[in-house]
Amino acid sequence: MDKIETVLTKQGKTFKTYYHLMLTETTQVCIVNIVKGRLYADKKTANPKYEPYPTKGEAIKRMEELAGELKSKGFVEEPRDVLFQIPEKEIVVFDKAKWHYEGDFPSELDVIQAYVPTGMFIAWLIKNDLTNKRSRKEDAPEIELVKRDEMTGAEFYRTNWDGVLSSKELSEEAEAFAREYLDIQNDVYTAVDFTNVLAAGLPTIYHVEDSLENYRIIEPIISERYRDWKSRQGNLA
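Residues numbered from 1 in each chain as written. Predicted model: local features only at pLDDT ≥ 70, side-chain atom pairs only at ≥ 80, totals over all residues. Heavy atoms only, no water.

Draft legend 1. Quick look at the pairing of strand β3 (residues 30-39). By the criterion of burial, β3 is predominantly enclosed, with seven of the 10 residues buried. The pairing of strand β2 (residues 16-25) with β3 spans 10 bridges and is antiparallel. Each residue of the ladder has a partner; that of T17, found in β3, is R38. Counted between consecutive antiparallel strands, the loop separating β2 from β3 contains four residues. Note that β3 and strand β4 (residues 47-53) share seven bridges and pair antiparallel. Bridge pairing in β4 places V35 opposite P48. (Buried < 20%, exposed > 50% of the residue type's maximum accessible area, 1.4 Å probe, protein only. Helix = DSSP H or I, 4+ residues; strand = E, 2+ residues; numbered from the N terminus. Pairing = 2+ DSSP bridges.)

Here it is, written out as structure tokens:
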């Protein structure tokens, strides 16, 4: 298999529009791969389509014609490496249920209780539309159940996110908030708010019942923390 490719870009105000033209030759057909997208400072989008041609000559002619059309519109050729210069975003893991149930976890409790503290925070994220676009699409049915109070955040955390809360699931704003509020070194949410509000008088935080009533108690406290955080971001701007 042989491959020929060309990358053309056009600079906009906040992004580059690009076309990645690739000719893939097989024993049966030649395919012109046309990938159009945008290059932002921190991400790349891609919308591919494919055009098959019976001969290599026809495919190359199509690529040359398309490249000529794009150049007439202000696109310029760039090295292929331009598509791969976006730095990979750091993934932050805020919590894992197994850190709890594999640690100092009460033996008499069902393992689902290890999901409850972080699960209530996740319910708050969902109800405030602070998950990322991918999660809102892939988890849409369960997200709707959480919003209708027909599924708890702990259940969602366990079944949809496999007991892992990381920056991959959050919007940019939610990630920034969680970096402070759920900081492993200074976990205000679990160690202060959840412990003092819901777990007061109980043997451990894992004894808190996974109920709508308990969520409604912690919800305004998280919201107040969020409003305070947002006001401080505005003062720093």
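Now that the structure has been shown, we can carry on.
Draft legend 2. Molecular detail of the layout of surface pockets. When its volume is computed, the second largest pocket comes out at roughly 170 Å³. Lining the second largest pocket, in full, are F94, D95, W99, H100, P117, T118, L182, D183, I184, D187, Y189 and T190. Elements with a minimum of two residues in the lining of the second largest pocket: β6 (93-96), α2 (97-101), α3 (116-127) and α8 (188-198). Considered class by class, the residues forming the lining of the second largest pocket number six nonpolar, three polar and three charged. (1 Å grid on protein atoms, 1.4 Å probe; cavity = no way out; pocket = protein on both sides within 12 Å on 5 of 7 lines; lining within 4 Å. Points joined across faces, edges and corners; volume = space filled by probe spheres on them. Nonpolar A, V, L, I, M, F, W, Y, C, P; charged D, E, K, R; others polar.)

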